[in-house]
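A closer look at the structure
Residues per chain, in single letters:
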Amino acid sequence: MTKWPMVPLGEVLTQVTTATKVQADRDYANFGIYSFGRGLFAKSPISGTTTSASNLYQVRAGQFIYSRLFAFEGAYGLVGEEFDGCFISNEYPHFDSDPKRITPAFLATYFKWQKAWEQAAKLSTGMGDRRRRIQPEQLLKMTIPLPPLKEQQRLIEYLDALTAKCEEAKAETTVVQHESNKLLLSAFLQITEGMPRSRLGDIAPLVRRPMLVDPFAEYPGVSVRSFGKGTFHTAPVLGSEITWEKPHLVRRGDLLISNIKAWEGAIAVAGPGDDGRFGSHRYLTYVPQVGIVTPRFLCFYLLTADGLQQVSEVSPGSADRNRTTSAKGLLEIPVPLPKYPRQVWFGELFDKVQEVKTLQTHAIEERESLLPTIIAQVFTGDAA
């Protein structure tokens, strides 16, 4: 239980409602608000020619703002200097705060707390998440714990210092991972320099394993993320619910390629956890031949700039969804092929780097989860 008095927002905030009439020959600098307490982001200007709004509203740095439609999921923020003078629609109520009672940063921090969104959501009107709006007069009835100004400032400095440390650690991790990627690429180029190339179809033939669908069986799915980010699992689908997407069995060690997103790196090696799952007919499975090419080496090559260029050339079309990769075209890609032991060595190096990356990723996630916990402690009175 907080030791601070609970104060209605209406006592410390005043809504700003001054409107600007839209002129057809003018563009208006604009921004949006991320959900989940992530602040504001720049958007394309609002065109006076195309907007349906007759009025817009100009905001100033230091004003508190939220989205009526997405307030229930944390679309709140503080207008920073970079958005001073921008214009927004009436879907974004904004407020001046009483400098004698509350600091804008304290208020913005409060609305990074999920419990605050939940409290505000109870004030919303409309049916269904996407139609729920929180009106400004309702928000102003909401109460928040309000310490003296000096205490607000102390807490903000404390949280800012923690945030800075998290960001610093995240930046350092990004640098280390970037250097790790450079190390892997350097090792790859070293072992492939001057090596002859082999046709992909000769070293990793296309092997399709279509399943005869049992309407009473379940088919756990596996898919591939773009940009070389590996596989992910999808919920099992009952055979009776399968329509046009025909399941194909995936085995450990398969090179799994999305035939609609291969050109942007939706290429991965099926791991132990993927074995026995099912990809849709959109996923092509190539089986690297043991003793000739390792799955990891082949996957890494296809995700290099040279490999992706080769993939793009067999993925005709201009629009994203129309760039279907030719299964037969992939078979013709010339792959640099060093001796097998060199590929195995590269795979071991890749695994070690990946292990370090995984540990770093977990460390980042732990740090990022720390801040919301501390914010909760601050507003529930559990923090020092």
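Structure's up top.
The present account deals with the structure reproduced in this document. Everything numeric here is computed off the predicted structure, so don't read it as measured data. (Residues numbered from 1 in each chain as written. Predicted model: local features only at pLDDT ≥ 70, side-chain atom pairs only at ≥ 80, totals over all residues. Heavy atoms only, no water.)

**Quick notes on the side chain of serine 280**
Applicable threshold: Secondary structure follows DSSP: runs of H or I at least 4 residues long count as helices, runs of E at least 2 residues long count as strands, and numbering of each begins at the N terminus. Classification of residues uses two cut-offs on accessible area relative to the type maximum, computed with a 1.4 Å probe and protein chains only: under 20% is buried, over 50% is exposed, and between them is partly exposed.
Secondary-structure assignment places serine 280 in the loop between strand E18 (278–279) and strand E19 (283–286). A relative accessible area of 14% places serine 280 in the buried class.

**Some details on the sheet that holds strand E10 (residues 94–97)**
Under the convention used in this document: Pairing between strands is defined by DSSP: at least two bridges between the two strands are required. Fitting a line to C-alpha atoms yields each axis, with helices limited to the stretch in contact; the angle taken between N-to-C directions then spans 0 to 180 degrees.
Pairing in this open sheet of 4 strands is antiparallel, and the strands run E2-E10-E7-E8 from one edge to the other. In this open sheet, the two strands that pair with only one neighbour each are strand E2 (13–15) and strand E8 (76–78). Along the sheet, successive strands turn relative to each other by an average axial angle of 30 degrees, direction set aside. Across 3 bridges, E2 lies against E10 in antiparallel orientation. Among the inter-strand pairings, leucine 13 is bridged to a residue of E10, identified as serine 97.

**So, the packing of aromatic side chains**
Our working definition: Working definition: rings of Phe, Tyr and Trp (its six-membered ring) pair if their centres are within 6.5 Å, and the pair is stacked with planes under 30 degrees apart, edge-to-face with planes over 60 apart, and tilted otherwise.
Following the criterion strictly, the structure yields 23 aromatic pairs and no others. Ring centres of phenylalanine 64 and tyrosine 76 lie 6.1 Å apart, and the angle between their planes is 10 degrees; this geometry places the pair in the stacked category. With phenylalanine 64 in strand E7 (residues 64–66) and tyrosine 76 in strand E8, this pair connects stretches of sequence that are 12 residues apart. Looking at phenylalanine 64, the relative accessible area reads 2%, which means it is buried. Seen from their ring centres, phenylalanine 188 and phenylalanine 346 are 5.9 Å apart, and the 65 degrees between their planes marks the pair as edge-to-face. Of this pair, phenylalanine 188 sits in helix H4 (residues 149–192) while phenylalanine 346 sits in helix H9 (residues 340–380), and the two are 158 residues apart along the sequence. Summarising the burial analysis for this pair, phenylalanine 188 and phenylalanine 346 share the class buried.

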